[in-house]
Amino acid sequence: RSREVQIAQYLSTLHDPRNHSVAVLETFPDPLDPHLTLMVMPFLRPCNDPEFRNIGEAMDFIDQTLEVCLEPNILHSLHIT
């Protein structure tokens, strides 16, 4: 397993409100290249799909985006980034 897979799996186990990492649901070796590992993760849609229905939803999106960008996050506290 690569370092990236190990980090992604570790972050999937953390229960911290600062953790906005995408969960790793499953891993398995690549059938064509045994040196690679495939990760199964939830499908992420674009931020505007579905479109915002009202100004409150848009403001909530902006608040969440600023939280991730401006506040110290779990990756920094774990010295990952």
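Presented here is an overview of the structure given in this document. (Residues numbered from 1 in each chain as written. Predicted model: local features only at pLDDT ≥ 70, side-chain atom pairs only at ≥ 80, totals over all residues. Heavy atoms only, no water.)

## Considering the overall build of the chain
Scanning the chain from terminus to terminus reveals three helices and two strands. Secondary structure of the chain in N-to-C order comes out as α-β-β-α-α. At 16 Å, the chain has a C-alpha radius of gyration far larger than the 12 Å of a compact globule built from 81 residues. For the chain, the residues scored as buried account for 12% of the 81 residues in total. (Helix = DSSP H or I, 4+ residues; strand = E, 2+ residues; numbered from the N terminus. Rg over C-alpha atoms; globule rule 2.2 N^0.38 Å. Buried < 20%, exposed > 50% of the residue type's maximum accessible area, 1.4 Å probe, protein only.)

## Observations concerning the environment of Thr-65
The residue Thr-65 is located in helix α2 (residues 55-70) in this model. Given a relative accessible area of 33%, Thr-65 falls into the partly exposed group.

## Details of the layout of surface pockets
Quantified by volume, the largest pocket comes out at close to 500 Å³. In terms of lining, the largest pocket is formed by 16 residues, of which the most central are Arg-45, Cys-47, Phe-61, Gln-64 and Thr-65. Of the residues that constitute the lining of the largest pocket, the class distribution is eight nonpolar, three polar and five charged. (1 Å grid on protein atoms, 1.4 Å probe; cavity = no way out; pocket = protein on both sides within 12 Å on 5 of 7 lines; lining within 4 Å. Points joined across faces, edges and corners; volume = space filled by probe spheres on them. Nonpolar A, V, L, I, M, F, W, Y, C, P; charged D, E, K, R; others polar.)

## Brief notes about a negative patch on the surface
Where like charges cluster on the molecular surface, the negative patch consists of Asp-60, Asp-63, Glu-67 and Glu-71. The residue Glu-67 is located in helix α2 in this model. (Patch = residues over 30% accessible without salt bridge, like charges linked within 9 Å, V, L, I, M, F, W, Y side chains within 5 Å. Areas by Shrake-Rupley, 256 points an atom, 1.4 Å probe, with all protein chains shown as cover. Salt bridge = Lys/Arg side-chain N within 4 Å of Asp/Glu carboxyl O. Lys, Arg positive; Asp, Glu negative; His and termini not counted. Charge placed at Lys NZ, Arg CZ, Asp CG, Glu CD.)

## Quick word on the packing of aromatic side chains
Evaluated as defined, the whole model comprises one aromatic pair. Aromatic side chains Phe-52 and Phe-61 sit 5.4 Å apart centroid to centroid with 45 degrees between the ring planes, which places their arrangement in the tilted category. When its relative accessible area of 31% is taken as the criterion, Phe-61 is described as partly exposed. (Phe/Tyr/Trp six-rings, centres within 6.5 Å; stacked < 30°, edge-to-face > 60°.)

## Some remarks on empty space enclosed by the protein
Within this structure, the stated rule accounts for one cavity of 30 Å³ or more. Considering only enclosed or pocket space, the largest cavity measures out at about 40 Å³ in volume. Along the walls of the largest cavity sit Arg-18, His-20, Glu-67, Val-68, Glu-71, Pro-72 and Asn-73, which together make up its complete lining. When grouped by side-chain class, the residues that make up the lining of the largest cavity number two nonpolar, two polar and three charged.

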